[in-house]
Structures are given as structure tokens and as C-alpha cells.
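Chain residues, written in single-letter form:
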Amino acid sequence: MTTTATGNVPPPAGAGEAGGTGGTGKSGPGARRSARRRPRLPGRLGRGALPYLFLLPALVLELLIHLTPMVVGVVMSFRELTRLYIHNWGEAPWSGLDNYRVAVDFDGPLGESLLHSFLVTCLFTVVSVGLSWLLGTAAAVLMQDRFRGRGLLRALFLTPYALPVYAAVITWAFVLQRDNGMLNHIVHDQLGLTDQPPFWLIGDNAFFSLVVISVWRNWPFAFLILTAALQNIPREVYEAAQIDGAGVWQQIRRITLPSVRPVNQVLVLVLFLWTFNDFNVPYLLFGKAAPDSADLISVHIYDSSFGTWNFGYGSAMSVLLLLFLLLVTAVYLVFTSRGRRAEDG
Amino acid sequence: MADTARATGRARRSPTAPPPSFVWTRRVVLTLLSLFAAAPIYVMLSSSLKPLRDVTGEFHWLPSGLTIRPYIDIWHTIPLAHYFVNSLIVAGCATLLSVAVAIFAAYAVSRYRFRGRRVFTVTVLSTQMFPGILFLLPLFLLFVNIGNTTGVALYGSRGGLILTYLTFSLPFSIWMLVGYFDSIPRGLDEAALIDGCGPAGALFRVVVPAAVPGIVAVAVYAFMTAWGEVLFASVMTNKTTRTLAVGLQGYATQTEVYWNQLMAASLVVSVPVVAGFLLLQRFLVAGLTAGSVK
Amino acid sequence: MRRTRRALAVAVTAALAAVAATGCGGGSTDAGSNDEPDKLTYWASNQGTSIENDEEVLKPVLDAFTEETGIEVDLEVIPWDSLLDRILTATASGEGPDVLNIGNTWSASLQATGALLQFDEETFARIGGADRFVPSALAATGAEGQDPAAVPLYSLAYALYYNKQMFADAGIETPPTTWEELVEDGQRLTGGDTYGLAVEGASIPENTHHAFVFGQQHGADFFDAEGNATFDTPEAAEAIKQYIDFLAADGIVAPGNAEYAQNQSLADFAGGKAAMLLWQAAGTALEHQGMDPDAYGIAPVPFQADPPEGGRQVNSMVAGINLAVFQNTDNLDGALDFVTYLTSDEVQVELNGAYGSIPPVLAAQDAPEFATEERAVLRQTLADSAAPLPQVPAEDQFETLVGTAMADLFADAASGNEVTLDSVRQRLHEAQQQVTG
């Protein structure tokens, strides 16, 4: 997906297209090119079991922890795995696509609540990723030049990201209490913006609380990645622009922002996947009773599985979620890559 | 994938002073961001120094009296030290193993062309997308089953948790290290191979030393992942193996929530990761620059 | 070429999964055995003021058992947050404790999984007979007509706790005996920062417990005779509206209570911010909060002044903790010995004494520990006017769905939205729709 080589190093392989000609393994374009310039790798190295040996631990772990359980989860989704069978789930009857049918029957109550949860999650993800990206970009761009206190400020900005999620959410839950929280102390007691202190953990406002916490935790990641990316822009580019008479704002618009586009492609995707799948923040904040307005899909599925003990249905919803994420990712990558190729071309 | 030119020097926009509009924007935006970032941290810090009656009543910016009592009490209210040690063992081992496994895998992907290479990378990366909830119960059942057939107790043990966490951080780690290794000229390790080092020798004498920033970055990421995980820890641990992520719930007891101790404990358990992260952020930026950011 | 490789990878994965899938199913149907007669694992629920407090209370009791029988007991006190998840994973995997505590409202749900040992006549005889237990407590150990899946361990009931000083200041001489009086008194007690009553508005279990009592008084059962959910009957809506109205219409509950789920109402009562509290055995917790036992009085939970048709004279659920045995235990004899021991008169007196609960074992109730004012009210309630929550497999859904609906209604009310009979019924209807299985 995103592991291809870049820049001025020899590409290790044409993104996996190589090696199709059999087991020699040294026939890729990279190998041919390096063969021209320097003594070729001893033949036996590229061949045979060695790379597989190196990969073995990772492969075994992925199979054990990720892939096998996931396939088991998919199997579960085709069974009627309710309370009655959980104790001996090998005996649970096969139910074909029944669980899926219930999930996508948006006129039925379960499908309707799943759809609601899905839409809430989409909205939450878009707002949260958008804001995180915006704040991260703004801070990275504004802090590109040295100034006094920059190091300190950077440390402060990164701290929310480094905090363990439970420590962060516990603190926010404390801040967001209606009667004794800091937020209402500011909003209601000190600024007098509201007649009544608003609720932040129940009702419709819970959605905003979720967004704020999510942005608070994630924007530093965007900031970190973009800070790294900005360091890759050669100074000469700016110097040349300056000679052309471009001011700071123009430099930002014409040089800085365009040159971090490839980074944004990955960054936005990563943020999207994290945010969409986020379980910790809503679970730690609301426990098992998330308000309707903040009923994120991961907690929704958790409630179905562990709350009502219907693991067949829970797994079916998880599989649908996974398919959706795969689809979005694929479309996103095709779309953004094509866009960029067109530009580059 | 991308084509950004390699950095030829520290990027600096302009050697001349920026215009006032820029300076003012910077001041305003960064001040607001600082307040946003710092407010909860301030609450955490100040509440941890307040007596209990201050934190169960109305919020005040300043404590009625400073006390370090919560920092003493946290160790007695729950076996915090025990959970701390568990978390250290689990996160530490998961990090070491994850880095080791990722180094080998990334080396193979970066330096060899072999059948299934693309399948491997795509599969591993797509596991990042798996909703944890989908494989929580299956993984638990798998561990129990392995325990029943082989006698290796993974369920409820630190070992099971270590295996789980190390795999969680693996995809990102491999991805980042592949990028980093790709940026190290192949000539270096090929020369080492010619000098008679084996492939492992080339990896450890040449590639790994040159990739230290990337490896540190990956280690920090793996440690943070393991230190902060909640969902699997809550189901897979018992009283002897419970980690901080679950144990901290203990301050909210049947009768009351010890907010001041909760804040003090949150602060104490955050210090190792935050300090480590901030000290090593230089490497993180370097690792990201050379590695995944392309 | 790539296609074949991918196919291969898929095949390998599928094969592994199949191995795992078939393997996992087995093993959990094992009947109990006595393969490990020297060890027992015991999961206790959190009954004391904290996990550590529970360990302190239980340790000497368990040590005495070990001394008596030579069986080591590995104790784990599990917080309520994770107890059900842990039981669930134990049920699914067969890897769990030998003996465990369950909330008695879960009895029928857990019974339906078939993972718990059934207490038939023979098993009951083995532990001293079913007639040792209080009948109302025994009624909360599983579905009617089936052998119980557990035995009662601690019994609790709701009572009305009231602040004597605040009552005196408001010129109220006796605690209310009807809801109408409670509202009236509550309004006299409300003023400034203090309120008449504190509720745990976002707590799902507390909400459902009150829903049950108000339902009983209005003649709503929430389940029909076949065990199917009937959450949205007019009676149910009336019942729940009456409870929500304490905040929504009567104004005797502080709006902030709508987000309480961590026992803040207990703290409010102890701190004098609320004059009344409906709670199960609050004594130890209030003492822990620094409230002098002389500062509050205890009375039975009120009834309707004018009971609607079909309403029952019920003012509390039979609350409590049951003791269950996993049927695949490796130490069946030891587990039953342990159950016998924990339900013996002396241990019942000791543990219930420490936790402020009432022994469900009749003979233990006569001990002097249970002669206090609080215990007298609880005992009387349990004996005369408490009923168990519906013992049907879908009971857990009643808790989750109705409890959540009530939390939402509290949130509505507290944010200033009107709560009408229609809006309550709509919420309950939505809850009803979500019932599965």
C-alpha cells in the first residue's frame, strides 16, 4: 500500500511487481540497476529461504494475533452466536447471512440504530480529522522558523499525544463534569455565557466533548508528522522564492503547503483510520451507556457483543465496518494517487 | 510513491524578519493552542495537589491548600506499584520484541525481492484497520485453546498481553522501518556482504547502526501503544497481571471517586511515557523524516 | 502467479482458523470433576468500600476454610465494571473460576448459557438444604420452574435514607410513606443549593431497579408470562415518568444528578446537599464518607398513596449477590464444600455483618449484628414487600435498554426539555424495538 521506496535511493523492487519470473528473486529492476553499478549480490542471498526466515517471526505473530482471530470473527458472523450458545459455541447453528441482513435492514430497529451510529461516527471522524489536521498544519507552519521558546512550546503541544489515553480521558471527564468541572466554571461561572450550566457528558453536547477530546489527542500527531515533513523542504527553494519577491504568506501558499501534500495523503488516512476505529475515548468517557449523540460505532458494536451477548451479530457488524474501511482506503488511495500522478506528470 | 527531494539543509523560510502580520498570527494562534493543550494538564496537576474536599466540590483554579497527600495515598488505595511493574514489564518486553521482529521483517522487505512480498506488506498494513472489537473474543478463545492443548498459559498471563501488544505496533513499525532502511544506501550493506559478513552481519553492523533514529522512533511508538491499551487489558488480565490501564479504575470505588488521587496517579503513570516521548521526539522527527514521510 | 500466491495465503489462513475454530468449541462442555481437589479459584464481587477492603474482609474467612479443608482458595475481587465481561469470556472459553459471585438479577441470563452448575435437590441437600434460605432471596436465583443456577449469598433491599437535621429544620416530623408525601416534603426541603432527593440519573442499574419498583406499583411487569419483553406498556410509561418527574416536574432533584453514575448521589446525601436518598444498605458507605450514623434516619421506600389498578404492594427489588459454581470445575466437591462454608451460619453472620447486608440464611438473621435500625428496615422490606426482578433470560436487556432509556430521559429533563407521557413511551418503545434474541 504505502511501502514503496522513494527518492534517490534505488527502489528495492518495483512495488512487488518484481519476482514474478520465478524463484531467482534477483531479476527485479532494482537488482539489474545495481548490478550495473557495483558487484552484484551473491546470488544465493536473493534466492531461497533467507527473506522468509527474516519474515518468519512477523508472519507467525500476524497470523496468531491478527489474522486467525479475524477469520474466526468472520466465521462467528455467520452463526447464531447468542447467549444460548456462547458456552459451547461450536454448536451454534449456522445462520448464513441472517446477521448481515439484520444489520443492513435500515428499516428495522437494529439496522436503524446501526445506521445512526455509523452516521454519527462519520460526522465525528470528518470533524475530528479535519480539525486535527488544520491545527497540526497551522502549528507546524507557524513554528517552522526558530523563535524563542519554540522547543518548549513543541514539548507542550506534543504532551497530549504522549499521555496514555486513559489518563487523558479521566482528566477530561473531570473537566467536563456539569457541576464541578473546569469547563462550566469558565463558560458559566466566569464568562456567564449560559443561563444554566450545560451538560457535556450526557445529551447532545456529548458529541462535542468527544470531538474536543479526540482533536486534543490527535492534532499533535499531525503537528509532529508535518513538522518532520517541513524539514524536508530544501532551504534553496525558499531562498529562490524570496529573490522573486514572494512574502512569507506567499511562500507558505506556494511552497510549504504544496510540498507536504504527499505527507498529507498518508497523514489524513492514518488519522481517519484511528479516529473511525477509536474505542478508548468513548468507552472511557461514557462507559457502557454512550449518549445517542455520541454513539460511536466501535462502542456500539461492543455493546451488542458484550452487552447483549450476541456475538454473531456483533461480528457481522465488525465485518461490515472492516469492509467499509477497506473500501474507503482503497478508493482514497486510488483517488489521491491518481490526482498526484496527474499533477506530477 | 513520492518525490520530495531529500533535505539539503534545515528548512528555514526566510533569513529576514517575518512581517508583523505573520508574527501576530503566530502569537495569537500559538497562544490559543497552548491554552487548549495546557488546560487539562493544568487541571490534572493542580487537582493532584488538592485535598479531597476541593475536588469533590465546585471547581476552583487555585487549591484551598496545597497537599502532597494524594501522592502518598495513591500507593495505598490500590496496589499501584504492582500495576506499574506489570505495565513496565508488558510494555518493555512488547517494545523490545516488536522492534526486533520489525527490524528483521523490514530488512527482508527493503533488501530482498521474494514471492509474496507485496501480499505480505499489504496484509500487514491492512491489519491496522481491523476493529479491535472484532478479534477480542476470538483472540481470547485462541489463547485459552493454546493453553489447553500446549500448556502454554497465554490467557491471563503477561506473555499473552506482550504478544498481543507487540503485534499491535508491528504493522506501523515495519512500515516505518522499511522506509528508513530504503533511505540507507544499499551500497553500504552490499560492501559489508562482500567483506564477508553474513546477511545478519550486514544488518547488524551496517544497517541497524545507520537506522538508529528510525528504530528509536519505532520503539517509542511501540511503548506508547502498549502502555496505553485498555480494551484487551481489561479482558485479558487478572489481579496478578493487571496493568495500569485497568488498575486506575480502582480509585473510583463503590462509595466515592478519589479525584485528587486519580489525577495524581494519572500524572505519575504518564511521566515515563511523556518524558520518554519528549526526550526522544528529536529522533521521532528524524525517523519520520527519513522513513515513512515521503 | 500472484493470484495463486494469494490463494495459497488465504488457504493457509483459513486452515489455521478452522483448527482454531473447531478446537475452541470443545473443552467447555466438560462436566465437573475432582481432578484438582486442593485448589479453588473464587471470583468475588466488590461489596466493600474498595477492592482492598474486600480482600481484607474475605482473607481471614478464606484462610479459615483452608485450615479446615486443606483447599487453597485463590481469591480475585473483580470490579463491577468488568465482572460481567469476565464472566462472559469465562463462559465462552471454559477458562474461569470454580466459584463466583453474580448479581442476582443476572441469574436467569447466566442460567440460560448452561455454564453454571444447577442446584437440584441433591445438590441442595449436599449444601444443607434449600429451606435454610429466605424464600424471596431464593426466588432470585434463576428462572421459575428450573433448578436454581446459584444460591443466595448476601441480600439487600432499598430503603429511604433521610437527613434528620434537614427534616427538623424544615419542620417535617416523620419520613414520607407515600410518593406524594415524598414530593411534598422534598419541595419543602429544596432551596438554594440543597435538594429534597438525590438520584443516580446516569447509572443503568440504579435506573432499572427503580423502574422495576415503580413498575410493580403501577402494575407493569416489563415481561409477559412467556418471558417476552413488554417495555412500552402504558403502565410502564406511567411508572417511569413518575420517577423521572422527581427531576423533570417536581423539582426535588438537582438537574446535575442526570449525569451521576459514580455514586455521587451518595456523596451529595452525606455532604448535606440532598435530604433524601433511595439506596441499598448505604450505612457503611455513608460512614466511610464521614457521615455520623445518628445524623440520618432510615425508613421503608414509599408506596403510592392511591395505588393504581393492578399495582402491587412492592417497594424494593430483592437485591443481592448469589454464589454460583461453574459446572466445568475441576474441584466439584471442594466447590460445594466452599459453598456450604460460605452459606454456613457463622460465615453468613461475619460477612453480611461486614458488608452491611442481610443474610439470606434464616438462622443467621437472628444474630445481634442484624438488630440495628437500618437492618430492621431492610429485613422487614425483604420479608414483606420485596420482589425479585424478572427472572427471564432477557433480563439483561431490560437493564441495558430500559436503564439507558431512563438515562436519556433524565438528560432530556435536565437540559430543560419537557418529559411527557408520550416522550417516555416513545423512548420505551425504541428500547423495546432493540430487544434481540
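The model shown is predicted, which means the values in this text are computed figures rather than measured ones. (Residues numbered from 1 in each chain as written. Chains lettered and ligands numbered in written order. Predicted model: local features only at pLDDT ≥ 70, side-chain atom pairs only at ≥ 80, totals over all residues.)

Peer 1: Even after reading the chapter, I still don't get the overall build of chain B, so can you show me in this structure?
Peer 2: In terms of regular secondary structure, chain B is built from 13 helices and zero strands. Reading the helices (α) and strands (β) of chain B from amino to carboxyl end gives α-α-α-α-α-α-α-α-α-α-α-α-α. Each principal axis of the C-alpha atoms in chain B carries an extent, and together these give about 70 × 70 × 35 Å. Per-residue burial over chain B gives 57% buried out of 294 residues. Taking as baseline every contact in chain B between residues at least 6 positions apart, the subset at least 24 positions apart corresponds to 76%. (Helix = DSSP H or I, 4+ residues; strand = E, 2+ residues; numbered from the N terminus. Buried ≥ 20, exposed ≤ 12 C-beta atoms within 10 Å, placed from the backbone. Contact = placed C-beta atoms within 7 Å.)

Peer 1: For this particular structure, what's the right way to read the UniProt feature "transmembrane region" (unreviewed entry) in chain B?
Peer 2: All names here are of chain B. The UniProt record marks residues 28-45, 83-107, 119-142, 162-181, 202-224 and 258-280 with the feature "transmembrane region" (unreviewed entry), using the residue numbering of this structure. What you have in residues 28-45 is 100% helix and 0% strand, and the ends, taken at the C-alpha atoms, are 25 Å apart. Across residues 162-181 one finds 100% helix and 0% strand; the C-alpha atoms that close the span lie 26 Å apart. (UniProt positions renumbered as here; feature names shortened; annotations may be inferred.)

Peer 1: Any chance you could explain the pairing of strand β7 (residues 274-280) of chain C here in plain terms?
Peer 2: Strand residues, when the strand is regular, have side chains that alternate between the two faces of the sheet. Residue and element names in this part refer to chain C. Among the seven residues of β7, six are classified as buried, and the element is accordingly described as predominantly covered. Of the pairings in the sheet, the one linking strand β5 (residues 158-163) to β7 comprises five bridges and is antiparallel in character. By the bridge assignment for β7, Y161 is matched with L277. (Pairing = 2+ DSSP bridges.)

Peer 1: I'm lost on the confidence of the model for chain A in this one. Help?
Peer 2: Interpreting fine coordinate detail is not advised for predicted regions of low pLDDT. All names here are of chain A. Overall, the prediction assigns chain A a mean pLDDT of 83, with 84% of residues at 70 or greater. Per-element mean pLDDT across chain A ranges from 41 in helix α1 (residues 29-37) up to 95 in helix α5 (residues 109-142). Below a pLDDT of 50 lies the segment residues 1-46, which in the model reaches 87 contacts outside its immediate sequence neighbourhood of four places, other chains included. (pLDDT = per-residue confidence, 0-100.)

Peer 1: How should I be thinking about the interface of chain B and chain A in this particular structure?
Peer 2: In this complex, chain B contributes 107 residues to the contact, which on the side of chain A involves 110 residues. Class assignment for the residues of the side of chain B that touches chain A results in 69 nonpolar, 22 polar and 16 charged. (Nonpolar A, V, L, I, M, F, W, Y, C, P; charged D, E, K, R; others polar.)

Peer 1: Help me understand the interface of chain C and chain A in this model?
Peer 2: Interface size, as often reported, equals the accessible area lost upon joining of the parts. Each side of the interface is counted separately: chain C has 42 residues, and chain A has 35 residues. Broken down by secondary-structure element, the contributors of at least two residues to the side of chain C that touches chain A are α1 (2-25), α3 (80-93), α4 (107-113) and α16 (395-414) of chain C. For the side of chain C that touches chain A, the element with the highest residue contribution is α1 of chain C, accounting for nine residues. Classifying every residue of the side of chain C that touches chain A gives 19 nonpolar, 19 polar and four charged.

Peer 1: Looking at this structure, I do not really get the packing of helix α3 (residues 50-77) of chain A against helix α4 (residues 80-111) of chain B. What am I missing?
Peer 2: Each packed pair of helices is defined by two parameters, the angle between the axes and the distance between the axes. Contact geometry of α3 of chain A with α4 of chain B gives a least axis separation of 8 Å together with a crossing angle of 130 degrees. Considering their axes alone, α3 of chain A and α4 of chain B lie oblique with respect to each other. When the axes of α3 of chain A and α4 of chain B are compared, the crossing they make is left-handed. Residues P51, F54, L55, P57, A58 and L61 of chain A of α3 of chain A lie in contact with α4 of chain B, whose contacting residues are V101, F104, A105, Y107 and A108 of chain B. Taken together, the residues of the contact of α3 of chain A with α4 of chain B break down into eleven nonpolar, no polar and no charged. (Axes fitted to C-alpha atoms, helices over the stretch in contact; angles between N-to-C directions. Parallel < 35°, antiparallel > 145°, perpendicular 65-115°, else oblique. Left-handed = near helix turned anticlockwise from the far one by under 90°.)

Peer 1: Looking at this model, I keep getting lost on unusual backbone geometry. Mind explaining?
Peer 2: Peptide bonds are mostly trans, and most non-glycine residues show a negative phi. Residue and element names in this part refer to chain C. Unusually for a residue other than glycine, F222 sits at a positive phi of about 70 degrees. Summarising the element assignment, F222 is placed in the loop between α9 (204-218) and α10 (234-248). Assessed through the 26 C-beta atoms surrounding it within 10 Å, F222 is described here as buried. Unusually for a residue other than glycine, A281 sits at a positive phi of about 40 degrees. Structurally, A281 can be placed in the loop between β7 and α12 (283-288). A residue is classified by how many C-beta atoms lie within 10 Å of it, and A281, with 25 of them, is buried.

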